[in-house]
Amino acid sequence: MADRISRRQALMLGGGALAALGSAAGAQTASAARPVERGAAAQAGTGWFRLPVVTANIGRKHLGAREAAITAVRGGDPGHRPFVGWQEISEGDSGEPPMITRHFGSKYRNAFLHDPKSFRVPISVPDPWKIVNSKRTFVHGGIAHVTPPRYINEVVVEHSAHPGLKFALINSHYIANAYNGTKNPNLQDEWQLHKKLHRERVMAHHNQGHLVIWTADTNNPGYVRATGQDSEHRAFFKGIDRINWLPGDGKVRLDLVNTKVIPMNVDGHDARLAVFRIKLA
């Protein structure tokens, strides 16, 4: 050290000066320790927070029923603001965005709702969660009279009052009639490509330690997991509208509390609600 003194200098200074030097060194040590203590406190666990998540394909059959359906989704967990992964938004007309904006307003960020490309699968994120990152992934192009272009949308969200309490939410809509409906083998390459990219996006977040929740219209009643990982869980075991989750590195805990079906009365889809609880471990 530059300020180290020799034994001769110490003898000349005497014990009082040495005590003062020792006190100063102790103060520096304590000062250096305090930021570490503050950082540890910031990473301390939290209590449980209620986390309702909905997957909702609005559909096109009875267009006059859409606003009531969107209202039903918003109120699916009374007294709480749900996360929503939407599908089939603005397919053929532009009616849904103003409805979603109206009912999912100032307490929400409606990610991708006005995106020029991936607007069909937006994600509604409620307060007190904030979006810290987002990404869209192109899956495949449109096929005339069969399908529009398909995308995977994702957000990473963090609780505004609890840094570190974060997770990824991924939303998408697979091509129809590959593994349901007419089961056209010519469409299965597109479906399988979608699942491959879906897996890659889930695993990309998982490999960063993030908890991942995903919502989707899978258009496959036999769909089990996006990732093939035994640790990936399902909230629903029947139908094509799914909510799954894959735990991260254990810093964030997620438990499924209950599930519910929300009738929408637009076409054959009903919204699915999974109520979780989440905490920073």
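As a reminder, the structure under discussion sits directly above these lines.
Scoring rules and cut-offs
Residues numbered from 1 in each chain as written. Predicted model: local features only at pLDDT ≥ 70, side-chain atom pairs only at ≥ 80, totals over all residues. Heavy atoms only, no water. Helix = DSSP H or I, 4+ residues; strand = E, 2+ residues; numbered from the N terminus. Buried < 20%, exposed > 50% of the residue type's maximum accessible area, 1.4 Å probe, protein only. Contact = heavy atoms within 4.5 Å. Areas by Shrake-Rupley, 256 points an atom, 1.4 Å probe, with all protein chains shown as cover. Axes fitted to C-alpha atoms, helices over the stretch in contact; angles between N-to-C directions. Left-handed = near helix turned anticlockwise from the far one by under 90°. Nonpolar A, V, L, I, M, F, W, Y, C, P; charged D, E, K, R; others polar. Pairing = 2+ DSSP bridges. Salt bridge = Lys/Arg side-chain N within 4 Å of Asp/Glu carboxyl O. Phe/Tyr/Trp six-rings, centres within 6.5 Å; stacked < 30°, edge-to-face > 60°.

J.: An account of the overall build of the chain is needed here, citing residue identities and associated values.
T.: If you tally the helices and strands in the chain, you get five helices and twelve strands. With 281 residues in all, the chain has 45% of them scored as buried. Considering only intrachain contacts with a sequence separation of at least 6, the fraction spanning at least 24 residues in the chain is 64%. Carbon and sulfur atoms provide 53% of the accessible area of the chain, an area that totals close to 13,600 Å².

J.: Talk me through the packing of helix H3 (residues 66-74) against helix H4 (residues 96-103); I want residue IDs and the actual numbers.
T.: Where H3 contacts H4, the axes come no closer than 10 Å and their chain directions differ by 35 degrees. For the crossing formed where H3 meets H4, the hand is right-handed. For the pair H3 and H4, contact is made by Arg-66, Glu-67, Ile-70, Thr-71 and Arg-74 and by Glu-96, Met-99, Ile-100, Arg-102 and His-103, respectively. A class-by-class count of the residues in the contact of H3 with H4 yields three nonpolar, two polar and five charged.

J.: Please give an account of unusual backbone geometry that cites residues and values.
T.: With omega at 5 degrees, the peptide bond leading from Asp-127 into Pro-128 counts as cis. Structurally, the position occupied by Pro-128 is in the loop between strand S4 (123-126) and strand S5 (129-140). Of note, the phi angle at Glu-88 is positive, near 65 degrees, even though the residue is not glycine. Within the element layout of this structure, Glu-88 appears in the loop between strand S2 (83-87) and H4. A positive phi angle, close to 70 degrees, is found at Asn-177, a residue other than glycine.

J.: Describe in detail the sheet that holds strand S12 (residues 271-280), supporting the description with residues and values.
T.: Here we have six strands laid out as an open sheet, ordered S3-S4-S2-S1-S12-S11, and mixed in their pairing. Where the open sheet ends on each side, the last strands, each with one partner, are strand S3 (108-111) and strand S11 (252-262). Ignoring strand direction, the axes of neighbouring strands in this sheet form an average angle of 20 degrees.

J.: So what about the pattern of salt bridges? Which residues, and what values?
T.: Inspection of every chain in the model, using the stated rule, returns 14 salt bridges. With a shortest N-O distance of 2.5 Å, Arg-109 and Asp-127 are connected by a salt bridge. Linking Arg-109 in strand S3 with Asp-127 in the loop between S4 and S5, this pair joins segments that are 18 residues apart in sequence. Owing to a relative accessible area of 28%, Arg-109 belongs among the partly exposed residues under this scheme. Exposure remark for Asp-127: the relative accessible area of 24% places this residue in the partly exposed category. Two residues, Arg-253 and Asp-255, come together in a salt bridge whose shortest N-O distance is 3.9 Å. What makes Arg-253 partly exposed here is its relative accessible area of 38%.

J.: How would you sum up the packing of aromatic side chains? Please name residues and give values.
T.: Taken as a whole, this structure holds twelve aromatic pairs when the rule is applied. Taking the centre distance of 5.3 Å and the plane angle of 85 degrees together, the rings of Trp-86 and Phe-104 count as edge-to-face. Here Trp-86, found in strand S2, pairs with Phe-104, found in the loop between H4 and S3; they are 18 residues apart in sequence, far enough to count as distant. The exposure class of Trp-86 is buried, given its relative accessible area of 0%. Taking 5.7 Å as the distance between ring centres and 65 degrees as the angle between the ring planes, the aromatic pair formed by Trp-191 and Tyr-223 counts as edge-to-face. Residue Trp-191 is found in helix H5 (residues 188-206), and its partner Tyr-223 is found in the loop between strand S8 (212-217) and strand S9 (233-234); the two are separated by 32 residues along the sequence.

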